[in-house]
Amino acid sequence: MLITKNIKPADVILQNYHLIPIISRFGIKFGFGDKNVEQICKQYGIHTDFFLEIVNAFNDKDYNPYEKLRNMSLSLTVSYLLKSHYYYNKVKLPFIENLIDSLEWEEEDNVKNKNVLKKFFSQYRKEVTEHTANEETEIYPYVLELEQNYNNTGKTASSLLEKLKTKSIKDYAETHDELNSSLLDLKNIIIKYLQPAKNQDVTEQILIEIFKLEKDLTDHTELENNVVIPVAERMETELKNRN
Amino acid sequence: MAAKLSFLIVEKSYIIRSGLMQIISNFYETGVVNELHNVENLLKNISGIKPDVLIINAKLIDAVPELILDIRKKFKDLKLIVFVGTRREADNFSVFDLKISVDEPKSLIVEKIQSLINEIKPKKDDNLSENLSEREKEVVKQIALGKTNKEIGETLFISPHTVITHRKNITKKLGIKTVSGLTVYAILNNLIKIEEAV
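For every chain, the first residue of the written sequence is number 1, and numbering continues from 1 onward in sequence order. Here every chain gets a letter starting at A, and every ligand a number starting at 1, in the order they are written. Local features in this predicted model are restricted to residues of pLDDT 70 or higher, and side-chain atom pairs are both shown and tallied only at a pLDDT of 80 or more, whereas totals for entire chains, interfaces and linings draw on every residue. Side-chain descriptors were evaluated using all non-hydrogen atoms of the structure, hydrogens and water having been removed beforehand.

Engineer: Requested: an account of the nonpolar core, with residues and values cited.
Structural biologist: Ranked by internal contacts, the top residues of the largest apolar core, which has 48 residues, are A:Tyr124, A:Ile206 and B:Leu174. The way it works is that DSSP assigns letters per residue, a run of H or I at least four long becomes a helix, a run of E at least two long becomes a strand, and they are numbered from the N terminus. Of all the secondary structure elements, the ones that give two or more residues to this core are helix 6 (74-101), helix 7 (107-151), helix 10 (180-193) and helix 11 (200-242) of chain A together with helix 6 (134-144), helix 7 (149-156), helix 8 (160-174) and helix 9 (179-188) of chain B. Only heavy atoms matter for contacts: two residues are in contact if any of them lie within 4.5 Å across the pair. Discounting residues that sit within four places of it in the chain, A:Tyr124 has contacts with A:Leu93, A:Leu179, A:Ser182, A:Leu183 and A:Leu217. Counting 45 residues, the second-largest nonpolar core is a separate cluster that includes A:Ile23, A:Phe50, A:Leu146 and A:Leu164. Side-chain atoms within 4.5 Å are what join buried Ala, Val, Leu, Ile, Met, Phe, Trp, Tyr and Cys residues into a set we call a nonpolar core. Only protein chains enter the calculation, and the probe is 1.4 Å; a residue is then buried if its accessible area is under 20% of its type maximum, exposed if over 50%, and partly exposed in between.

Engineer: Residue-level account of the interface of chain B and chain A, with values.
Structural biologist: Taken residue by residue, the interface counts 17 residues in chain B and 15 residues in chain A. Throughout, the accessible surface (probe 1.4 Å) given up by two parts as they are put together, summed over both, is called the buried area. Approximately 1400 Å² of surface area, both sides summed, lies buried where chain B meets chain A, with 60% of it carried by carbon and sulfur atoms. Basic side-chain nitrogens of Lys or Arg form a salt bridge, by our definition, when they fall within 4 Å of a carboxyl oxygen of Asp or Glu. Taken together, the links from chain B to chain A amount to zero salt bridges. If you list the elements that add at least two residues to the side of chain B that touches chain A, you get helix 8 and helix 9 of chain B. Looking at the side of chain B that touches chain A, the element that brings in the most residues is helix 9 of chain B, giving six residues. In the scheme used here, Gly and all other residues not listed as nonpolar or charged are polar, with Ala, Val, Leu, Ile, Met, Phe, Trp, Tyr, Cys and Pro taken as nonpolar and Asp, Glu, Lys and Arg as charged. Its residues assigned to classes, the side of chain B that touches chain A shows nine nonpolar, five polar and three charged.

Engineer: Residues and numbers for the packing of aromatic side chains, please.
Structural biologist: All names here are of chain A. The criterion for an aromatic pair is that two Phe, Tyr or Trp rings (for Trp, the six-membered ring) have centres within 6.5 Å, with stacked assigned to planes under 30 degrees apart, edge-to-face to planes over 60 apart and tilted to the rest. Under the definition given, this model contains nine aromatic pairs over all chains. For the pair Phe50 and Tyr80, a centre-to-centre distance of 6.1 Å together with 65° between the ring planes defines the contact as edge-to-face. Of this pair, Phe50 sits in helix 4 (residues 48-59) while Tyr80 sits in helix 6, placing them 30 residues apart in sequence. Its relative accessible area of 3% is what places Phe50 among the buried residues. Counting every residue linked through ring pairs, the aromatic cluster contains Phe26, Phe50, Phe51 and Tyr80. In our convention, an over-ring charge means Lys NZ or Arg CZ found within 6 Å of a ring centre and within 35 degrees of that ring's normal. Above the face of the Tyr87 ring, Arg25 is positioned so that its terminal group lies 4.4 Å from the ring centre.

Following this line, the structure appears as structure tokens:
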């Protein structure tokens, strides 16, 4: 089903609960009654067309939002990516870490199993934090600088022209490593090799959370690879030609 | 992980092809499924695609009965399934491994194809057991201790190239790719002590 601006988010979420985290990520609070997408976006100062592309992509795996997103301002995509970073680092990863902390085994195995999993996960968390921090301090500001100069038909800032001589978004694309390998390993370890914990319900929750996080990170990377990188590349070329 | 099987469906009708595809998607072992609309170039396609199972409509071979004998002779391991539109119990399809009919219920068709699939021997390379060999365990241990391929080679008196081969097989068997993941595995299986891990 295609979600349009006249549709009520309440109806959509009742049909597909996978949209719940996306709604929160845009800062929309529940209890929005029977307002439609357009009214809610207006209330929260959200770009309606951008919002629609993201929720449609989440709602239907065959929906391809990238072409439309490439034609919107990169600042919209970047601001959404930043919100996702916050969600990973401050909400989901600490949540999973707490779940791991509450796993319990029989006495003789408890310390070893818990420590080894905790260590693995805190390393992973560090990896994600470093990866997102690098994007936030290096990549995204650079991309926004590109866009600003691109839209400004006047003179290109000399500082940017200097950067363009040595820097390219392509370098980033090449080192844009997968954060998902560790999650895949963790799933295998828990499903196949870890001794069963006394509280199986927590194991179950952890696995479900990992699957959800993995999917979210994949979408996140896709958005970077299909929107941020190609648009930035186009702007780099254009700015070099202009000057 | 068990090897996935490749299927080739030879059928003119779109509706029947879709139905056959639907049935094939039921099996865990199903990998690539290719389709052909007629028997032209069938031999060439089999050589190229190297399917494990061929499903063909009886009508398509009525005119060229020698074709299927030829296929049987050339591709000894290929499993042959004939699909018949109406019940043709009396017809001789002895050259085929299996006959499925349009009138049969899904459960019967699935059961018949599944037992045929079970006869297919796994390809050598994919027949890895999930248990690590002693040598592989030793490599996992060294990885977990934070050693490089070169160092592992020196310790175990093997070339770095052999270490890489071991690492690939380990990842394939365990489903664990990262060094930190392998370290967890090593600790859980008492290959190293937690204090030894980097």
